[in-house]
Amino acid sequence: LDCWILKSIVVVSNYSVPVNPERWFLFFLFQYTVWNFVPKNLFEQFRRIANFYFLIIFLVQLMIDTPTSPVTSGLPLFFVITVTAIKQGYEDWLRHKADNEVNGAPVFVVRSGSLVQTRSKNIRVGDIVRVAKDETFPADLVLLSSDRPDGTCHITTASLDGETNLKTHYSVPETSVCQSVSQLEALQAVVECQQPEADLYRPLGPENLLLRGARLKNTKEIFGLAVYTGMESKMALNYKCKSQKRSAVEKSMNTFLIIYLIILLSEAILSTILKYAWQAETKWDEPFYNQKTERNAFLLICFYFLAFLVLYNFIIPISLYVTVEMQKFLGSFFIGWDLDLYHEESDQKAQVNTSDLNEELGQVEYVFTDKTGTLTENEMQFRECSINGTKYREVNGKLIPEGMTDDSPDGSMPPLMGDELLFLKAVSLCHTVQISYDQSDCLAVGGDPFSHANGFSSSPMEYYASSPDEKALVEKGLRTLVVACRHFSPEEYIDVDKKLNSARTALQQREERLQEAFSYIEKDLQLLGATGVEDKLQDKVQETIEALRLAGIKVWVLTGDKHETAVTVSLSCGHFHRTMNILELLQQHSDNECAEQLLTLSRRHSGDMLAHALVVDGASLSLALREHEKLFMEVCKNCSAVLCCRMAPLQKAKVVRLLKTSPEKPITLAIGDGANDVSMIQEAHVGIGIMGKEGRQAVRNSDYAIARFKFLAKLLLVHGHFYYIRIATLVQYFFYKNVCFITPQFLYQFFCLFSQQTLYDSVYLTLYNICFTSLPILVYSLFEQLVHPHVLQNKPGLYRDISKNSLLSFRTFLYWTVLGFCHAFVFFFGSYILMGEDTTLMGNGQMFGNWTFGTLVFTVMVITVTLKLALETHFWTWMNHFVTWGSIAFYFIFSLFYGGIIWPFLHTQDMYFVFVQLLSSGSAWFAIIIIVITCLFPDVLKKVLYRHLQPTSTQTSQVMRGGVSFDHKHTDQLHAVHGHLSEDPHCCCIDLSSWRLLMFYFRPFYFEICPVLHGVCIFCSNLCPVLSVCAILRVGL
């Protein structure tokens, strides 16, 4: 591609093409626009099976004569679609806002002989752009000139590759002298480059191309030529949308949905068969209005089936999806608000990038972690070095030979000569560290801008390096690892310089030519010495890894460090124990050799009862994954800890994928802080970024971000535990209450000869999931805590109780489903037996009708399902009380208004005065109480027996937590209450020791039978401590 730069027009193949900035030069990450939001969003939402199903039901109601109004399906569907669209629209608006900040950033461009300020979205290919110090490059620029005499500039690319060092870039030699606007305006040149591609180091050498997103440092200003802009820039081409991750709960929810769909179809088919069989009998043709209309039998069966499908469709809870979305979105704020996850030193709090995986934090089985910057501080400290066989250590800023102390006289220390001086010269010159200083301050006082580097200024200097160890060692005057040199003659040096320049500017096979050049240079090296540094561990890393191990989570360390360093850090951080039998799969050179070693390791597993740890390097891992995946996985799963060293970024992702796709399909979590960890973070079920010193790329590509590794323990053991139990109960409860809702409707068809007569009024059908039963479960799913957070952190073993999706197992699902059917049978037949055929429930002898019967069933159902959730609640807040009792009160108040007024916009007034008539019957009130108790008492009894006979670790911890309340603080509170009651002449005093003994024996029963009473006691005693019974219960229990 030959591009002739003629002011603002790009000439391709000798004819001019005007540039369209709206199409080519905008940078955008949004999904919707004002014009395509509605159709595109609707298309995305109706790709969901549940939404599409309810759309079909709604259309069926519109097309045929169905027993329920289309509003009963259309209104909930409209509510779900609207709420989801608002949420997605808001998130996309935030993306639009971020894009506008990028596209609207002010930039200066050379046009018409002067610098013109414009917006970054208006930059066109061929424009000459001026960038000042600390500004971000708005496009991919070819460096033309800088304010430095040598035409160089320094940039940092932390936002691109995570490296925080200052990289030196060189201007094109022919244009480095063009430092004024007039010279640049008169410039005519040809840029030979390739089509836009994602490779960060093409089309020109990395020393000439300034990539969009990088930042100018340590240079006053530069001028660059725009070659790639907008979505054609390399940063945009490297942008990849994160793959859609689905949690185990969502997968279980879809499975349950299919099961309930089968139940729905079975009920509809059975009702259709029975209705057709009934109508086949001639005796039902009299009286005349029952006579059958002659129709095609197949069409008639289809009509019946669709009608019953519409009648029973509420067994599929459409509002489940919007409630889950709201729970995840609102619940994600608790992570950011948790002060225990706040790092005061760096002023960083936990960050949630996606709320779709909250519950997955409670299901993690494998943790894959980086070492440097994740387990360690990424702050290297120099310890010692070896020069020409002599060991030196750093003491108080001095290099002291082995065997001498800091207080030794200077004359007794041998002078540095020969190899020692050459070693220090090598580490002083051969590095990427740059010194940052403020040129403007120096020039303002008439000083030399380079005097800082020479040590003549007392102003603090800042070092930038590609790695923290290099920065730390240069500050000390040293370098890391092995130092060697090679001597060149002048002729050899010229030849090497030509080879390097030719390879760096090659447009084709540049990597291969550079490798050849480096291989030619890096041979026959003379060893000068080596340096040793230490990377400090982060705070509480050992305690965190031990807590994860007790929780049943296996920790794998994946690092690029060498074998010895990685093993040392694993031992120091508690990943490996001294008592472990360390197995090694290192330096394997062939498939056969690797297979033999794996077989040997496998045999050692079977014959040894010790805990095992495995160490494998990158080369051996490649061989193991090529032909021996199954054997390798067998060895790994039998090890308590695995360490993979010398790992490339893609190898990290392959290891994570290997565990993900194994037959057991465990839930994986990857955590890291650098750009080289992004691949495994995106591959794992849950990706966590550490806000470290290697840029922000890991944080931006993660699902969650924390400041320190130690915060991982609370994130999983506490937040993960809470999120999982909340959403697991939410899903099960939704299916349960919808079974309770629609099963009486199915049973009613047996008593109305399958006439498709609805048991409930259409308004009740519509509002059951939207208003009457929605808020209690939403608040429960936001605040429920089975165990106190401190107990969860101190007892990591409680994490095992919820592992492997135990609360959403088929057994638990079957229990909730059967419970729903049982309660539905009690609702229907309890009301039916009460009313009978000739029974009057009114004092004046008046009989109840069809709508009164349905309203009685619906009233019992609303109260029962609400109280069922109250019995499941262990952590009561004022909001739980408000929505629980408020929902029941709202149902009664709404029904009184709905049935007590003639509404002019309603076609029928079937419910007029029905609810008032129902509540005026004492027998109806008695029936409501009896039916509710009949439904809930067996369930409570079963839970109490299970708690006594087969208590789980969580239930045991609840009881122990109850015992904690008898500490000195609560005993004082109890004495205070007792003293207050003693002063009341109308209150009988209670012996404290007897009371406490009684509560100790009955506490397990209390935890199941009276969670609601416990909440009421707290609520009442907070309002009025004089309430003696409530106060005693609050402190004693």
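What counts and how
Residues numbered from 1 in each chain as written. Predicted model: local features only at pLDDT ≥ 70, side-chain atom pairs only at ≥ 80, totals over all residues. Heavy atoms only, no water. Helix = DSSP H or I, 4+ residues; strand = E, 2+ residues; numbered from the N terminus. Buried < 20%, exposed > 50% of the residue type's maximum accessible area, 1.4 Å probe, protein only. Areas by Shrake-Rupley, 256 points an atom, 1.4 Å probe, with all protein chains shown as cover. UniProt positions renumbered as here; feature names shortened; annotations may be inferred. Contact = heavy atoms within 4.5 Å. Core = buried A, V, L, I, M, F, W, Y, C linked by side-chain atoms within 4.5 Å. Domains from an automatic or database assignment. pLDDT = per-residue confidence, 0-100. Patch = residues over 30% accessible without salt bridge, like charges linked within 9 Å, V, L, I, M, F, W, Y side chains within 5 Å. Salt bridge = Lys/Arg side-chain N within 4 Å of Asp/Glu carboxyl O. Arc of directions from axis to C-beta. Pairing = 2+ DSSP bridges. Phe/Tyr/Trp six-rings, centres within 6.5 Å; stacked < 30°, edge-to-face > 60°. Lys NZ or Arg CZ within 6 Å of the ring centre and 35° of its normal. Lys, Arg positive; Asp, Glu negative; His and termini not counted. Expected span 1.5 Å × (residues − 1). Axes fitted to C-alpha atoms, helices over the stretch in contact; angles between N-to-C directions. Parallel < 35°, antiparallel > 145°, perpendicular 65-115°, else oblique. Left-handed = near helix turned anticlockwise from the far one by under 90°.

Undergrad: Describe the overall build of the protein, and please don't skip the residues or the numbers.
TA: Scanning the protein from terminus to terminus reveals 38 helices and 29 strands. Burial status across the protein gives 49% buried among its 1037 residues. When the accessible area of the protein is evaluated, it comes to approximately 49900 Å², of which 60% is carbon and sulfur surface.

Undergrad: Can you break down the UniProt feature "binding site: Mg(2+)" (unreviewed entry) in the protein residue by residue, with the values?
TA: Per the UniProt annotation, the sites labelled "binding site: Mg(2+)" (unreviewed entry) are Asp370, Thr372, Asp673 and Asp677. Over a stretch of 308 residues, the named residues converge on one spot in the fold, their C-alpha atoms separated by at most 10.8 Å. Following the sequence through the fold, Asp370 ends up in the loop between strand 15 (366-369) and strand 16 (376-387). Leaving out residues up to four positions away in the same chain, Asp370 has contacts with Leu375, Leu558, Thr559, Lys652, Ile671, Gly672, Asp673, Asp677 and Met680.

Undergrad: Describe the nonpolar core, with residues and values.
TA: It is characteristic of soluble globular proteins that their nonpolar side chains tend to be buried jointly. Residues Val731, Tyr760, Phe858 and Met861 are the most contacted members of the largest nonpolar core, which totals 103 residues. In terms of residue count, the dominant contributor to this core is helix 25 (residues 711-748) (19 residues). No fewer than three residues from each of domain 1 (31-104) and domain 3 (321-329 + 719-949) sit in this core. Phe858 has contacts with Phe741, Tyr760, Tyr764, Tyr768, Phe772 and Tyr891, leaving out every residue within four places of it along the chain. Core analysis: the next-biggest nonpolar cluster, separate from the first, contains 44 residues, Leu548, Cys573, Ile690 and Leu717 among them.

Undergrad: Describe in detail the confidence of the model for the protein, supporting the description with residues and values.
TA: Confidence in the prediction for the protein averages 76 pLDDT; 76% of positions are at 70 or higher. Note that pLDDT drops below 50 for residues 1021-1037; the model gives that stretch 35 contacts with residues more than four away or on any other chain.

Undergrad: Break down a nonpolar patch on the surface for me, citing the residues and quoting the values.
TA: On the surface, Ile929, Ile933, Phe937, Leu941, Leu945 and Leu949 cluster together to form a nonpolar patch covering roughly 620 Å² of accessible area. Position of Phe937 relative to the elements: it lies in helix 33 (residues 922-949).

Undergrad: Before we move on, can you summarise the side chain of Ser662 with the specific residues and values?
TA: Relative to the helices and strands, Ser662 resides in the loop between helix 22 (649-660) and strand 27 (668-672). Setting aside residues up to four positions removed in sequence, Ser662 forms contacts with Met633 and Lys637.

Undergrad: Describe helix 18 (residues 563-572), with residues and values.
TA: In an α-helix there are 3.6 residues to a turn, and that puts residues three or four apart on one side. The complete set of buried residues in helix 18 reads Ala566, Val567, Val569 and Ser570. Take helix 18 and look down its axis: the buried residues cluster within an arc of 165°, on one side only. Away from the buried face of helix 18 by more than 90 degrees, exposed residues Glu564 and Thr568 are located. Directly beyond the C-terminal end of helix 18, a positive phi value near 85° is found at Gly574.

Undergrad: Account for the pattern of salt bridges, with residues named and values stated.
TA: Going through the model one piece at a time under the given rule, you end up with 19 salt bridges. Ionic pairing is found between Arg111 and Asp127, a salt bridge with its closest N-O pair at 2.7 Å. With Arg111 in strand 4 (residues 106-111) and Asp127 in the loop between strand 5 (114-119) and strand 6 (128-132), this residue pair connects regions lying 16 residues apart in the sequence. Residue classification places Asp127 among the buried positions, given a relative accessible area of 2%. Here Asp677 ties to Lys652 by a salt bridge, and the two come within 2.8 Å at their closest N and O atoms. Placement of the pair is Asp677 in the loop between strand 27 and helix 23 (678-683) and Lys652 in helix 22, with a sequence separation of 25 residues. Using a relative accessible area of 1% as the deciding quantity, one classes Lys652 as buried. Taken together, the shared-partner salt bridges connect Lys868, Glu872, Asp939 and Lys943 into one network.

Undergrad: Give me the sheet that holds strand 4: which residues, what numbers.
TA: The antiparallel open sheet is built from six strands, whose spatial order is 5-4-6-13-7-11. At either end of the open sheet lies a strand with only one pairing partner, and these are strand 5 and strand 11 (209-210). In terms of strand pairing, strand 7 (residues 140-146) meets strand 11 through two bridges, oriented antiparallel. Along strand 11, the bridge assignment pairs Val142 with Leu209.

Undergrad: Which residues make up the environment of Tyr891, and what values do they have?
TA: Summarising the element assignment, Tyr891 is placed in helix 31 (residues 878-900). A relative accessible area of 0% means that Tyr891 is categorised as buried. Once residues within four sequence positions are removed from consideration, Tyr891 is found in contact with Tyr764, Phe772, Thr855, Phe858, Thr859, Val862 and Phe915.

Undergrad: Describe in detail the packing of aromatic side chains, supporting the description with residues and values.
TA: Within this structure, the stated rule accounts for 51 aromatic pairs. The residue whose ring lies beneath Arg130 is Phe108, and the NZ or CZ to ring-centre distance is 4.9 Å. Between the NZ or CZ atom of Lys942 and the centre of the ring of Tyr815, over which it lies, the distance is 4.2 Å.

Undergrad: Kindly report on the pairing of strand 24 (residues 581-585), identifying the contributing residues and their values.
TA: A one-sided burial pattern is seen for strand 24, the buried positions being Asn581, Leu583 and Leu585 and the unburied ones Ile582 and Glu584. In this structure, strand 24 lies alongside strand 25 (residues 612-617), joined through five bridges in parallel fashion. Paired with Glu584 across the bridge in strand 25 is Val615.

Undergrad: Tell me about the side chain of Glu420, and name the residues and values.
TA: If you trace the backbone, Glu420 turns up in helix 12 (residues 419-429). The buried charged residue Glu420 lacks any salt bridge partner; its closest oppositely charged side chain belongs to Lys425, at an N-O distance of 12 Å. Beyond its immediate stretch of four places on either side in the chain, Glu420 contacts Ile387 and Tyr392.

Undergrad: A description of the sheet that holds strand 28 (residues 686-690) should follow, citing residues and the corresponding values.
TA: Pairing is mixed in the open sheet, where nine strands are placed in the order 14-29-28-27-15-23-26-25-24. Either end of the sheet is taken by a strand with one partner, and the two such strands are strand 14 (351-352) and strand 24. When strand 14 meets strand 29 (residues 704-706), the two strands line up antiparallel, connected through two bridges. Among the inter-strand pairings, Gln351 is bridged to a residue of strand 29, identified as Ala705.

Undergrad: Give a description of helix 16 (residues 510-521) that names residues and reports values.
TA: Taking 1.5 Å as the rise per residue, helix 16 with 12 residues should run 16 Å; its terminal C-alpha atoms sit 17 Å apart, in good agreement. Among all positions in helix 16, only Arg510, Leu514, Ala517 and Ile521 are buried. The arc enclosing the buried residues of helix 16, seen along the axis, measures out at 60°, which places them on a common side. Buried residues belonging to helix 16 abut helix 15 (490-504).

Undergrad: Go over the pairing of strand 28, please, and point to the residues and values.
TA: Counting buried positions along strand 28 gives five out of five residues, so the element sits mostly inside the fold. Relative to strand 28, strand 27 is paired through four bridges, and the arrangement is parallel. Across the sheet, residue Leu669 finds its bridge partner in strand 28, namely Val686. The pairing of strand 28 with strand 29 spans three bridges and is classified as parallel. Residue pairing for strand 29: Gly689 is matched across the bridge by Ala705.

Undergrad: Describe in detail the packing of helix 27 (residues 774-783) against helix 31, supporting the description with residues and values.
TA: It is at 8 Å that the axes of helix 27 and helix 31 come closest, and there the two elements cross at 165°. When the interaxial angle is binned, helix 27 and helix 31 end up roughly antiparallel. Classified by chirality, the crossing of helix 31 by helix 27 is left-handed. Contacts between helix 27 and helix 31 pair Leu775, Pro776, Val779, Tyr780 and Phe783 from the former with Met879, Asn880, Val883, Thr884 and Ser887 from the latter.

Undergrad: Provide a residue-level description of unusual backbone geometry, including the pertinent values.
TA: Notably, Lys665 is not glycine yet its phi reads approximately 50°, a positive angle. Along the chain, Lys665 falls in the loop between helix 22 and strand 27. According to the relative accessible area criterion, Lys665 is exposed, its value standing at 54%. Positioned with a positive phi, Phe754 is a non-glycine residue whose angle comes to about 55°. Position of Phe754 among the secondary structure elements: in the loop between helix 25 and helix 26 (762-772). Phe754 sits in the buried class, given a relative accessible area of 7%.

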